[in-house]
Amino acid sequence: AQTYHHRLPHLSVVSGTELPHNWTGKNWACWQAACLAQGEWLLFLDADVIPGPDLLHALILATPNSDMISFLPFMLLGTWPERLILPAFLEFLGALYPFTLVNRRSSPLAFAIGQCLMIHTQAYRAIDGHAGVRMSILEDMQLATRAKRAGLRLYVAEAPDLLAVRMYLGWHSLTEGLTKNAVAGARHAGPRVALITAQRLIVGWLPLQLLLFGWLTHMQLSTDTLLALGVLLIAQILIAGWIVRKRFRINPAWGVLLPVGTLMYFFIAANGLIRLWLGIGVRWKGRVLEAKD
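So, how was this worked out
Residues numbered from 1 in each chain as written. Predicted model: local features only at pLDDT ≥ 70, side-chain atom pairs only at ≥ 80, totals over all residues. Heavy atoms only, no water. Salt bridge = Lys/Arg side-chain N within 4 Å of Asp/Glu carboxyl O. Helix = DSSP H or I, 4+ residues; strand = E, 2+ residues; numbered from the N terminus. Buried < 20%, exposed > 50% of the residue type's maximum accessible area, 1.4 Å probe, protein only. 1 Å grid on protein atoms, 1.4 Å probe; cavity = no way out; pocket = protein on both sides within 12 Å on 5 of 7 lines; lining within 4 Å. Points joined across faces, edges and corners; volume = space filled by probe spheres on them. Nonpolar A, V, L, I, M, F, W, Y, C, P; charged D, E, K, R; others polar. Pairing = 2+ DSSP bridges. Axes fitted to C-alpha atoms, helices over the stretch in contact; angles between N-to-C directions. Phe/Tyr/Trp six-rings, centres within 6.5 Å; stacked < 30°, edge-to-face > 60°. Lys NZ or Arg CZ within 6 Å of the ring centre and 35° of its normal.

1. Comments concerning the pattern of salt bridges
Consideration 1: Overall, the coordinates contain 8 salt bridges when judged by the stated rule.
Consideration 2: Linking Glu82 and Arg166 is a salt bridge whose minimum nitrogen-to-oxygen distance equals 2.6 Å. Within this pair, whereas Glu82 is found in helix α3 (residues 80-96), its partner Arg166 is found in the loop between β7 (163-165) and α7 (171-189), the two being separated by 84 residues in sequence.
Consideration 3: Judged by its relative accessible area of 0%, Glu82 falls in the buried class.
Consideration 4: The network of salt bridges with shared partners includes Lys26, Asp46 and Glu139.

2. Points about empty space enclosed by the protein
Consideration 1: One pass over the structure, following the stated rule, counts 1 cavity of 30 Å³ or more.
Consideration 2: Each pocket or cavity is described by its volume, and for the largest cavity that value is around 40 Å³.
Consideration 3: Around the largest cavity, the lining residues are Lys26, Cys30, Phe44, Gly114, Leu117, His130, Glu139 and Leu143.
Consideration 4: Counting only elements with at least two residues in the lining of the largest cavity, the list comes to α1 (25-36) and α6 (139-149).
Consideration 5: Considering only residue class, the lining of the largest cavity consists of 4 nonpolar, 2 polar and 2 charged.

3. Quick word on α6
Consideration 1: For α6, a buried count of 8 out of 11 residues is recorded, marking the element as mostly surrounded by other parts of the structure.
Consideration 2: Inspection of α6 places Glu139, Asp140, Met141, Leu143, Ala144, Thr145, Ala147 and Lys148 among the buried residues, and these make up the whole buried set.

4. Let's talk about the sheet that holds strand β1 (residues 41-45)
Consideration 1: Spatially, β1-β5-β3-β6 is the arrangement adopted by the 4 strands of the open sheet, whose pairing is mixed. Two strands close off the open sheet at either side, each with one partner strand: β1 and β6 (154-158). Pairwise comparison of adjacent strand axes, ignoring direction, gives a mean angle of 15° for this sheet.
Consideration 2: Across 3 bridges, the pairing between strand β3 (residues 68-72) and strand β5 (residues 116-120) is antiparallel.

5. Some points on the packing of aromatic side chains
Consideration 1: Overall, the coordinates contain 10 aromatic pairs when judged by the stated rule.
Consideration 2: Grouped by ring-pair contacts, the aromatic residues Trp23, Trp28, Trp31, Phe44 and Tyr124 constitute a single cluster.
Consideration 3: A cation sits over an aromatic face here: Arg249 above Phe74, 4.3 Å from the ring centre.

6. A closer look at the environment of Ser12
Consideration 1: The topology assignment puts Ser12 in the segment before α1.
Consideration 2: Owing to a relative accessible area of 61%, Ser12 belongs among the exposed residues under this scheme.
Consideration 3: Distance from Ser12 to Leu36, taken between C-alpha atoms, is 10.0 Å for residues 24 residues apart in sequence.

Structural measurements only, silent on function.
What follows is the structure in structure tokens.
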């Protein structure tokens, strides 16, 4: 950031002060910056986000009817664990938080992603900003919840052509990050997590489940039933291939493994919840998150 200072006259690079007690590092950094900013809107971008040239224009276009705006970036997937598990995780996230409901003012459902979050300064002050979620490791979701409860207008959208990010760099960082997200997300979403988990498992494995049930119970399935199950399975594979190609721009063959990725994500999430329940805690960036966090 310092190297750009002479090229951007209006850029101010500020060194943060020592982290106070009962604050997470990111929330403290964001709060310090927000207190110094003097604009009508505050835009928070994660350090690993790659913004496109049209991002600011698109955000400004969304401001007339919104108090808080959050754009989901295009997800860059490198290693095989990323390509296997992250599409399943993001599909689960989309089912857990349908954006049509999030964007409806009358709906209590709230969602935001800290990778790209813009909020009107008055709205930010009204909900105490990052000071109000100072200890949260899911500060984006907590800010969205506080905004919804205050009657503010949320607008969330996928923006794969406006910004991109690579969240994880392989198996270790992926499992650590998803474990943390799963634990924090389960606390935030409550019973909806169990409901959507059951739904994703049923939908993702339905054709195979029916065939396996027939085989285990020695049920004589008619030719028409077998044909229908086969067509359903093929349709499921084709749709999954289309999803991973369109949303993640990877080989559609990865769509065949989407149900497997779903199972692996649920295993990672369950492991985190069990560790928390046993009092072992969940590790995130050198810090052990415990039940009280």
